[in-house]
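Read off the chains here:
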Amino acid sequence: MLEDLLRYCETERHWVLETTMALARLESPTSDKAAVDRCGVELAQRMLAIGGVVNRLEQPEAGDHLRAEFGTGVGQVLLVGHFDTVWPVGQIGKMPLELRDGCLFGPGVLDMKGGIAIGMLAARALTEVTSCAGRIVMLWTSDEERGSGSSRSVIEREALQSNAVFVLEPGLLGGAVKTARKGCGEFRLKVHGVAAHAGVEPDQGSSAVHELAAQIVDLQRLRAVAAGVSLNVGVIAGGTRPNVVAEEASATVDIRVETAEEAERVEMLVRQRTTTVPGTRIEVDGAFSRPPLERTDAVVHLYHRARGIAARLGQELREGSTGGGSDGNFTAALGVPTLDGLGAVGGGAHALHEHIEVEALCWRAALLAALVAETHADAESLG
C-alpha cells in the first residue's frame, strides 16, 4: 500500500505545488479578516473539489475557520493547521513566488500553506488508493499567528473526538517532526508610583520606572526554576518627562516553559511580586495561553510509527523540540496523541527567504496518508 500511496502522490506533484502557490498568492495576514476570508474561500472550493464536506465556521472578527471531512466511519483522525500568516498584504510584491534550486520561495509557503496542500494530497491519496475505514477531519484556522483566541475551543472539541491529531506545521530543519514544544505565556507588569518634581522634591515621589527596572532584573531568577524556562522582556514603557518622578511604568514579558508543572510554578512566581521602592505597587495580569506539548509516551508512539513509515519510503525522519507554540500544544495537553511538524520541509519561516523543498511535498503526503491509515487500523482493531 505504501508504494501505491507514494506513486499516487508523485503523479500529483504538479497539483500539490499549484495548490500551495494558489493559496500563497492569496495573502492572508491574521489581522485582515477580508484578506483571510478570501484565502478561505479558495481553500474551501479546493477541498470541495476533492470530495470534502466543508463547513465554514463564521467569526465576527477573525477570519472564518474551515472544517472539512473526508471518508466515512466512526473513527476520526484530525489534521490541524492555519491559513493565516505573519505577512501583510503586498508582501508578495517584495517576495514574489519563485521556483529556484528545487525550492519554492514566497510568503506563507512554509508556514504553512505548503502543509495544507500536503494534507489535501494525503486525503486524495487515501481516497484513490486505499479502502481506509475512518474519517479525516481537517481543521484549518485563521488566527494561529495571534494566539488562536477564536479557534482554541473548536480545536479542542474536535481533538477530543479524535484518535490522533497530526499537525501540518512545517518540520524542523531537515524535516524533523516536533515531539515537544514549549508552553507560551505573556504577562504584563504595571507599576504604580507617586509623581513628584525630580529636582525640587524627589523624595516625595516613588518612581514606577525605578521599581520596574528592579522587577526586570529580578525576573531573570525565573530561569533558575528549570533549565527549559526562557524569558524575554519585550516591551517596556513608563514616565512622562525627565524631570518628573514616574507615576506609572509597564513591561510585557514573554515566558516559555517545557512542562505544565513549570508553567504553574513560574506563573506563581510572576504574580507574587514584592516591591523594592517604597510607595509603589504592582499589578500583574496575563497567563500561559498555550500549554506545553510534552514528549509523552503517546507522542513518542506516533513518532516511532511515522519514523518507521518514513524509513520504508527511504527517508530518515528525525525528531526535535522547539520553543515556538502551535495548536498542537492544545491537543496534546488534552491527552490526545499528537504529532507536530508533519508539514512542508524548508526554512525561513517568518523571514524574507521563506521557502519549501518541492521534492519533499510528495513523500510527506504519502507519509501522512500512511500514518492516517495505520492509526485508523489500530483504532478499528481495538474495537
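Structure shown above.
As a starting point, this report considers the structure included with it. (Residues numbered from 1 in each chain as written. Predicted model: local features only at pLDDT ≥ 70, side-chain atom pairs only at ≥ 80, totals over all residues. Heavy atoms only, no water.)

Thoughts on the pattern of salt bridges
And then number 1: The full count for this structure, using the stated rule, is 27 salt bridges.
And then number 2: Between Arg124 and Glu12 there is a salt bridge, with the nearest N and O atoms lying 3.1 Å from each other. Note that Arg124 is positioned in helix H5 (residues 109-129) and Glu12 in the loop between helix H1 (2-11) and helix H2 (13-25), a separation of 112 residues in sequence. The same class applies to Arg124 as to Glu12, namely buried.
And then number 3: Note that Arg256 and Asp254 form a salt bridge whose closest N and O atoms lie 2.8 Å from each other. (Salt bridge = Lys/Arg side-chain N within 4 Å of Asp/Glu carboxyl O. Helix = DSSP H or I, 4+ residues; strand = E, 2+ residues; numbered from the N terminus. Buried < 20%, exposed > 50% of the residue type's maximum accessible area, 1.4 Å probe, protein only.)

Quick notes on empty space enclosed by the protein
And then number 1: In the structure shown here, the tally under the stated rule is one cavity of 30 Å³ or more.
And then number 2: Every residue along the wall of the largest cavity is listed here: Ala24, Glu27, Ser28, Thr85, Trp87, Pro88, Pro107 and Lys113.
And then number 3: Across the lining of the largest cavity, the residue classes tally to four nonpolar, two polar and two charged. (1 Å grid on protein atoms, 1.4 Å probe; cavity = no way out; pocket = protein on both sides within 12 Å on 5 of 7 lines; lining within 4 Å. Points joined across faces, edges and corners; volume = space filled by probe spheres on them. Nonpolar A, V, L, I, M, F, W, Y, C, P; charged D, E, K, R; others polar.)

A few points about the layout of surface pockets
And then number 1: Space inside the largest pocket adds up to approximately 470 Å³.
And then number 2: Glu144, Arg256, Arg290, Gly324 and Gly325 are, among the 26 residues lining the largest pocket, the residues nearest its centre.
And then number 3: Of the residues in the lining of the largest pocket, the class split is six nonpolar, nine polar and 11 charged.

A short note on the sheet that holds strand E7 (residues 164-167)
And then number 1: Ordered by their spatial adjacency, six strands build an open sheet running E1-E2-E6-E3-E7-E14, and the pairing between neighbours is mixed. Looking at the sheet topology across the chains shown, the edges are occupied by strand E1 (53-57) and strand E14 (338-339).
And then number 2: Inspection of the sheet shows strand E2 (residues 65-70) paired to strand E6 (residues 135-141) by five bridges, in the antiparallel sense. Paired with Arg67 across the two strands is Leu139, which belongs to E6.
And then number 3: Strands E2, strand E3 (76-82) and E6 of the sheet are contacted by H5, whose axis makes an angle of about 165° with E6.
And then number 4: Of the strands in this sheet, E1, E2, E3, E6 and E7 are in contact with helix H6 (residues 152-159), which crosses E6 at around 170°. (Pairing = 2+ DSSP bridges. Contact = heavy atoms within 4.5 Å. Axes fitted to C-alpha atoms, helices over the stretch in contact; angles between N-to-C directions.)

Digging into the packing of H2 against helix H3 (residues 33-49)
When two helices pack together, their arrangement is given by the angle between the helix axes and by the axis-to-axis distance.
And then number 1: Running from amino to carboxyl end, H2 crosses H3 at an angle of 155°, the nearest separation of the two axes being 9 Å. Considered as vectors, H2 and H3 are oriented roughly antiparallel to each other. Residue-level contacts link Glu18, Thr19, Ala22 and Leu23 of H2 to Cys39, Glu42, Leu43 and Arg46 of H3.
And then number 2: Of the residues in the contact of H2 with H3, the class split is four nonpolar, one polar and three charged. (Parallel < 35°, antiparallel > 145°, perpendicular 65-115°, else oblique.)

A closer look at the side chain of His65
And then number 1: Within the fold, His65 resides in strand E2.
And then number 2: What makes His65 buried here is its relative accessible area of 0%.
And then number 3: Only 3.2 Å separates the side chain of His65 from the backbone nitrogen of Ser142, close enough to count as a polar contact.
And then number 4: Setting aside anything within four residues of it in sequence, one finds His65 in contact with Asn55, Arg56, Leu57, Gln59, Trp140, Thr141, Ser142, Asp143, Ser150 and Ser151. (Polar contact = N/O pair within 3.5 Å; in protein donor to acceptor, adjacent residues only side chain to side chain.)

A few points about the packing of H3 against H5
And then number 1: Running from N to C, H3 and H5 cross one another at 15°; their axes reach a closest spacing of 11 Å. Here H5 runs roughly parallel to H3, going by the angle between their axes. The two elements H3 and H5 cross, and the hand of that crossing is right-handed. Residue-level contacts link Cys39, Leu43, Arg46 and Met47 of H3 to Lys113, Ile116 and Met120 of H5.
And then number 2: Partitioning the contact of H3 with H5 into residue classes produces five nonpolar, no polar and two charged. (Left-handed = near helix turned anticlockwise from the far one by under 90°.)

Some remarks on the nonpolar core
And then number 1: Membership of the largest hydrophobic core comes to 70 residues, with the highest contact counts inside it found for Leu79, Met138, Trp140 and Phe166.
And then number 2: Setting aside anything within four residues of it in sequence, one finds Leu79 in contact with Gly119, Ile136, Val137, Met138, Leu139, Trp140, Phe166, Leu168, Leu368 and Val372.
And then number 3: Judged by nonpolar contacts, the second largest core, of 15 residues, contains Phe187, Leu189, Val225 and Val229. (Core = buried A, V, L, I, M, F, W, Y, C linked by side-chain atoms within 4.5 Å.)

Topic: unusual backbone geometry
And then number 1: Looking along the chain, the bond that leaves Asp111 and enters Met112 is cis, with omega of -5°.
And then number 2: Considering the arrangement of structural elements, one finds Met112 in helix H5.
And then number 3: A positive phi angle, near 65°, is found at Ser148, a position not held by glycine.
And then number 4: Relative to the helices and strands, Ser148 is located in the loop between E6 and H6.

Describing helix H7 (residues 208-219)
Along an α-helix, residues three or four positions apart point the same way, because every turn accommodates 3.6 residues.
And then number 1: The terminal C-alpha atoms of H7, which comprises 12 residues, lie 16 Å apart, in line with the 16 Å expected from a rise of 1.5 Å per residue.
And then number 2: Inspection of H7 places Ala208, Glu211, Leu212, Gln215 and Leu219 among the buried residues, and these make up the whole buried set. The arc enclosing the buried residues of H7, seen along the axis, measures out at 100°, which places them on a common side. Within H7, the exposed residues directed more than 90 degrees away from the buried face are His210 and Val217.
And then number 3: On its buried side, H7 packs onto strand E9 (183-192), strand E10 (230-238), strand E11 (248-257) and strand E12 (281-290).
And then number 4: N-capping of H7 is provided by Ser207, with a side-chain oxygen placed 3.3 Å from the backbone N of Val209. (Expected span 1.5 Å × (residues − 1). Arc of directions from axis to C-beta.)

Geometric descriptors of this kind do not, in isolation, establish any biological role.
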